[in-house]
Amino acid sequence: MNDSQLLYIPKIRQGIVIDHVPAGLGIQVLTVIRSYPGMKDIVVTLGINYKSSKLGTKDMLKLKTTELDDEIVNHIALIAPGVSIKRITDYDVDKRFTLQVPESIVNKVKCRNPNCITNFETNLATLFTLVDAEKHKFRCKHCERIFDLQELEFRFVKR
Ligand SMILES: [Zn+2]
């Protein structure tokens, strides 16, 4: 990143940076974060279409919060595997990790096969396992159909 771009992305003293979000997915990531209790009122800076040597263009989010729940992190991994999450303390990165495609998705998404038993017996947990890590393909345990990660719709489970 060069200096002129830095002007658009203020440095933060304390918070979470979600970086290397593929361009276009930043708004979706923000929507996910805001759907969780307690996250609606936090201060967020959303940057769209920054130049990236790795991705060409990327989106980036900066959140004024100290921690992100694992549940939120896992949800973001479903939308945009490969993004990096950094925790900033006193202007420095003190923790950094890259979100991997999950090996399995337990009861988080709906099956898109209308005939799948999980769409009739809604108390039945859905389970998808990764069959192709490169192409992000998952197989439903119940009907054995294979879906792209992007095709799977999040299933909100009552807590
Ligand atoms: Zn299924």
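A brief structural summary. (Residues numbered from 1 in each chain as written. Predicted model: local features only at pLDDT ≥ 70, side-chain atom pairs only at ≥ 80, totals over all residues. Heavy atoms only, no water.)

**Examining the overall build of the chain**
Applied cut-off: Put simply, DSSP H or I for four residues or longer makes a helix, DSSP E for two residues or longer makes a strand, and each gets a number counted from the N terminus. In this analysis, two residues are considered to be in contact whenever any of their non-hydrogen atoms come within 4.5 Å of each other. To measure how exposed things are, a 1.4 Å probe is used in the Shrake-Rupley method; for residues, cover is taken only from the protein chains shown. Counted charges follow a simple rule, with Lys and Arg positive, Asp and Glu negative, and His plus the chain ends left uncounted. Taken as the charge centre is NZ of Lys, CZ of Arg, CG of Asp or CD of Glu, depending on the residue.
When helices and strands are counted, the chain shows 3 helices and 11 strands. What you see in the chain, going N to C, is helices and strands ordered as α-β-α-β-β-α-β-β-β-β-β-β-β-β. The C-alpha extent of the chain, read off along each of the three principal axes, is 55 × 35 × 25 Å. When contacts within the chain are restricted to residue pairs at least 6 apart in sequence, those whose partners lie at least 24 apart make up 59%. Just so you have it, the chain exposes about 9,800 Å², and 49% of that area is on carbon and sulfur atoms. Once the 24 positive and 19 negative side-chain charges of the chain are each reduced to a mean point, those two points are 3 Å apart.

**Topic: the nonpolar core**
What tends to happen in soluble globular proteins is that the nonpolar side chains get buried as a cluster. Keep this limit in mind: What makes a nonpolar core is a set of buried Ala, Val, Leu, Ile, Met, Phe, Trp, Tyr and Cys residues whose side-chain atoms join them at distances within 4.5 Å. Classification of residues uses two cut-offs on accessible area relative to the type maximum, computed with a 1.4 Å probe and protein chains only: under 20% is buried, over 50% is exposed, and between them is partly exposed. These domain boundaries are the output of an automatic or database domain assignment.
Grouped together as the largest cluster of nonpolar side chains are 37 residues, with contacts concentrated most on Ile18, Ile33, Leu68, Ile76 and Phe128. Those elements that place two or more of their residues in this core are β1 (14-22), α2 (26-34), β3 (56-63), α3 (70-79), β8 (127-132) and β9 (137-140). Considering every element that reaches this core, the biggest residue donor is α3, with 6 residues. When residues are assigned to domains, this core turns out to be shared by domain 1 (3-98) and domain 2 (104-154), each giving three or more.

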